[in-house]
Amino acid sequence: MSTIGGMRRVEGREKVTGRATYAFEYAVEGAAYGHPVQAPIARGRITTIDAEAALAVPGVLAVVSSADPPPLGSVEDPELAVFQSPQVAYHGQVVAVVVAETAEIAREAAETALRIEYQAEPHDVVLRPDHPRLYAPERVNPAFPGRTEKGDVEAGLADAAYTVDQTYTTPALHNNPMEPHAAIAAWEPDGSLTVYDSTQGATAHRDTIAAVLGLRQDQVRVISRHVGGGFGSKGTPRPHVIVAAVAARAAGRPVKVALTRQQMYDMTGYRTPTIQRVRLGADEDGRLTAIDHDAVEQSSTLKEFAEQTTTPTRVMYAAPALRTTHHLVRLDVPTPSWMRAPGECPGMFALESAMDELAEAAGIDPVELRVLNEPAAEPESGRPFSSRNLVACLREGARRFGWDRRDPRPGVRREGRWLVGTGVACSTYPAYRRPSSATAVAEDGGYVVRVAAADIGTGARTVLTQIAAEALNTSPDRVRVEIGDSDLPRASLAGGSMGTASWGTAVVRACEALLKNGGQEGRADTSEEVAAGSAFARHAFGAQFAEVRVDADTGEVRVPRLLGVFAAGRIVNPVLARSQFIGGMTMGLGMALMEESFVDPRFGDFLNHDLAQYHVAACADVQDVEAVWIDEEDPYLNPMGSKGIGEIGIVGTAAAIANAVYHATGRRVRDLPITPARLLS
Amino acid sequence: MAEITLRVNGVERSLSLDTRVSLLDLLREHLGLTGSKKGCDHGQCGACTVLIDGRRANACLALAVACDGLEITTVEGLADGEELHPLQAAFVECDAFQCGYCTPGQLCSAAGMLREPGPSAVTGDLTEDPALTAEEIRERMSGNLCRCGAYVNIVAAVHRVAAERAREVAGR
Ligand code: FES
Ligand code: FES
């Protein structure tokens, strides 16, 4: 594969030599270490905080807690209102920070000398579909209606020749970027603050941190040049950064705070567990007569985060009757948040599993069933698609995968101990775009492009270099792109797969302005261009094919082949795009087979809060994963003609694998992950 | 506190250290060698992998004081001046990383692995040194997690270097 064209990462050399600097690694003169302390109860209040012994430990500089709440400004996100109240909203909520000369001393004092007593109250941490406090959220992330309905769903189901009515569940999942969330906070003598943070967006983080600390935006600078993954969990500031800032103020020194892997499970967000009921009806020919998709999910008592789990169902298939709904319950748990393709990822597991069940019930090939139900326009809104090449993805994938040789009967192929099967599922993800600004300047015989973008492993720095070079009609080696700093021109987040579209538009416009202004300098702000919106429904699509082998004795599932075929507009850099797609599919493989955060009903915490117990896919789990794409020209997107590719890779993977497991074994597993225990039970 | 002396990337370093300091924190917080990464601090992810006397090890699981007198190689010590180590060059060429946070550990792990003789759990014939096939590499590199999911490219990069070495050995 190394022979395929495409520029390699511009920061590649820095990353392989260890010179790329991540948040915790900046050499800040005189920095002390902060160790966050977490609540050991899931609900209740702090009755006593006694820091005397901790402060007496040699080397301890300060203890900050709600015993003496640090003054904050306006806090919109209650997760960031650190040390403001003695109330405990969830197990693992941060209740204090110990600052010391070294990390070892801070931890020792926090764990052995700081005395905090609690009055615990009964807690409620388990999501169930019959929870008495379930309610229907008005809006789901970020601002979609919680409920949509068109046509008569019940009549469509009643008239159907074939129906499916099943419940699918996905567990709580943790993003687990390899770089733990970390920040260094340094106050300047003039009252301004510099933060080295691990973020998916320096501008938005700067704005939030400034508001929370009661500072002006120009008093805060967030630097985040390299980020060790985020997958959504670094999309909003996390408590540790506010903790670092108030700790630094208290200690009168810069303070470094890195969450431990265990602490990340409570303080950095996670994917809500879901319980989804899908009802499908189809006529004799397999044409859908009704789709009904409901999701039950959780949020914290602190704030409402309602995942948009059933929104992909508004996009996928033609049906005269279509209803999508969400139900939420507020539990004594940390607030769930974004994890790679929030909504699409768990939602499509349910929908695409149900489609496989419908194909079986109707005796139709699963690829053909999807082709048959291809809509002419976006099903829920009726808007035309700017481009939609799902059928082409299915056809191309079927051809490459050898789908035509597939015997549809489940559980009939055996090679020694192994039962073999194949499955298919579709992927989709919206093509978003947000306002950003950028500058382009002629400097030192080349060009410097500045935009407060973030490269969390996506390849943004490289792709923006290519985009700028193309717009300036020069070669990429004459362009330097500066990102990852809130002092650069305002830019949107690396999230929602919209980085390239948002920042790329600003970069192109800035470069165009430079060329128009005599070649010296150009600037652009895309607020107006982006606000103009579009009459089109804009989404990327894909089809994923999986081959699995299931050990008939142990229930172990192996995945010898995964193929994804995507239609995502113009692919700017094929090498990096392939990495994004297969990276998403690899995470999807983990979701299908091993990832699961267990909630302990008794103590209210995540039991398996480390990488020895929460299993992400390891090298030996991942065999032949390949991603290809079809050429797609779409003039209704942005100057690059690109759709986002960071998230679609994880959408549909788990369903493709689950469908293949059914084909291999004849056992339909509707609850992720597909563990040996579930297969053998 | 304890006095220790060790060689890091060929340079002798003497320090006075809290005995609780791990080798990883010695490198990152005391020597400013932040190439070695902390992903878990519990020996569960491999991001901190370094070579101790030429063998790969998790630096987060080694107490610095236990490394007195030893020779440590970190990712900063792999290249020969400006000339990248063949593994580093192959990682760039094969796009074997995304965020890059697991990468130093992957590289040190691969460098150590290429020198490790003997069979693994997936070797068929236990009496011979197996060829480093993709399957062998996947097995031997499974102590290094990559959440970005770059495994396919990591295996391709390591395989490329392993194959070059095998050809060199055969040509001798
Ligand atoms: S940091 Fe050492 S193994 Fe994870
Ligand atoms: S490259 Fe990001 S964890 Fe491996």
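Quick notes on the rules
- Residues numbered from 1 in each chain as written.
- Chains lettered and ligands numbered in written order.
- Predicted model: local features only at pLDDT ≥ 70, side-chain atom pairs only at ≥ 80, totals over all residues.
- Heavy atoms only, no water.
- UniProt positions renumbered as here; feature names shortened; annotations may be inferred.
- Disulfide = S-S within 2.5 Å.
- Contact = heavy atoms within 4.5 Å.
- Buried area = accessible area lost by both parts, 1.4 Å probe.
- Salt bridge = Lys/Arg side-chain N within 4 Å of Asp/Glu carboxyl O.
- Helix = DSSP H or I, 4+ residues; strand = E, 2+ residues; numbered from the N terminus.
- Nonpolar A, V, L, I, M, F, W, Y, C, P; charged D, E, K, R; others polar.
- Domains from an automatic or database assignment.
- Pairing = 2+ DSSP bridges.
- Axes fitted to C-alpha atoms, helices over the stretch in contact; angles between N-to-C directions.
- Left-handed = near helix turned anticlockwise from the far one by under 90°.

Looking at an unreviewed UniProt entry, chain B carries the name Xanthine dehydrogenase YagT iron-sulfur-binding subunit, with the source organism given as Thermocatellispora tengchongensis. Quoted straight from UniProt, the Pathway (unreviewed entry) entry for chain B says "Alkaloid degradation; nicotine degradation."

The name given to chain A in an unreviewed UniProt entry is Xanthine dehydrogenase YagR molybdenum-binding subunit, with the source organism recorded as Thermocatellispora tengchongensis.

Account for the state of the cysteines, with residues named and values stated.
Evaluation of the coordinates by the stated rule reveals zero disulfides over all chains. As a non-bridged cysteine, C67 of chain B has C48 of chain B as the owner of its nearest cysteine sulfur, 11 Å distant.

So what's going on with the interface of chain A and chain B? Which residues, and what values?
Across the contact, 57 residues belong to chain A and 49 residues belong to chain B. Between chain A and chain B, the buried area comes to about 4400 Å², and carbon and sulfur atoms account for 54% of it. Taken as a group, V16, M178 and C619 of chain A account for 18% of the area that chain A buries against chain B, more than any other trio of residues on that side. Taken together, the connections running from chain A to chain B amount to eight salt bridges. Across the salt bridge formed by R20 of chain B and E108 of chain A, the nearest N and O atoms sit 2.7 Å from each other. Elements supplying a minimum of two residues to the side of chain A that touches chain B: helix 1 (12–17), helix 3 (103–113), helix 7 (261–267) and helix 14 (574–593) of chain A. The biggest single contributor to the side of chain A that touches chain B is helix 14 of chain A, with nine residues. For the side of chain A that touches chain B, a count of residues per class yields 27 nonpolar, 16 polar and 14 charged.

Break down the domain arrangement of chain B for me, citing the residues and quoting the values.
All names here are of chain B. Each assigned domain of chain B is listed with its residue range as follows: domain 1 (2–77) and domain 2 (86–171). Taken over C-alpha atoms, the centre of domain 1 sits 22 Å from the centre of domain 2. Between domain 1 and domain 2, a total of about 1200 Å² is buried, with carbon and sulfur atoms accounting for 53% of that surface. For the domain 1 face of the interface with domain 2, the top three residues by lost area are K37, R56 and V75, together amounting to 44%. Counting across the domain 1 and domain 2 interface gives one salt bridge.

For the environment of P86 of chain A, give the residues involved together with the corresponding values.
Residue and element names in this part refer to chain A. Its location among the elements puts P86 in the loop between strand 3 (60–65) and strand 4 (87–88). In sequence terms P86 and Y118 are 32 residues apart; their C-alpha atoms lie 9.1 Å from each other. Not counting the four nearest positions on each side in its chain, P86 is found in contact with G44, R45, I46 and S66.

So what about the sheet that holds strand 17 (residues 322–331) of chain A? Which residues, and what values?
Residue and element names in this part refer to chain A. The strand order across the open sheet built from five strands is 9-17-16-15-10, with neighbouring strands paired in mixed fashion. One side of each edge strand has no neighbouring strand; the edge strands of this open sheet are strand 9 (148–150) and strand 10 (162–170). Averaged over all pairs of adjacent strands, the angle between their axes in this sheet comes to 15°, without regard to strand direction. Two elements, strand 16 (residues 288–300) and strand 17, share 10 bridges in a ladder whose sense is parallel. The partner of I291 across the bridge, within strand 17, is L322. Contacts from helix 8 (residues 344–362) reach strand 10, strand 15 (274–282) and strand 16, with the element oriented near 150° to strand 10.

Tell me about the sheet that holds strand 3 of chain A, and please be specific about residues and values.
All names here are of chain A. With mixed pairing, seven strands are arranged side by side in an open sheet as 3-5-1-14-11-12-13. Because the sheet does not close on itself, it has two edges, and the strands there are strand 3 and strand 13 (220–223). When strand polarity is set aside, the average angle formed by the axes of neighbouring strands in this sheet is 20°. Lying on the sheet, helix 5 (residues 202–213) is in contact with strand 11 (182–187), strand 12 (193–197) and strand 13; it crosses strand 13 at an angle near 140°.

With reference to specific residues and values, describe the packing of helix 8 of chain A against helix 15 (residues 653–665) of chain A.
Residue and element names in this part refer to chain A. At a minimum axis distance of 8 Å, the contact between helix 8 and helix 15 shows a crossing angle of 35°. In this structure, helix 8 crosses over helix 15, and the sense of that crossing is right-handed. Note on element contacts: helix 15 touches helix 8 through A654, A655, A658, N659 and Y662, opposite M348, F349, E352, S353, D356 and E360. Residue classes in the contact of helix 8 with helix 15 are distributed as six nonpolar, two polar and three charged.

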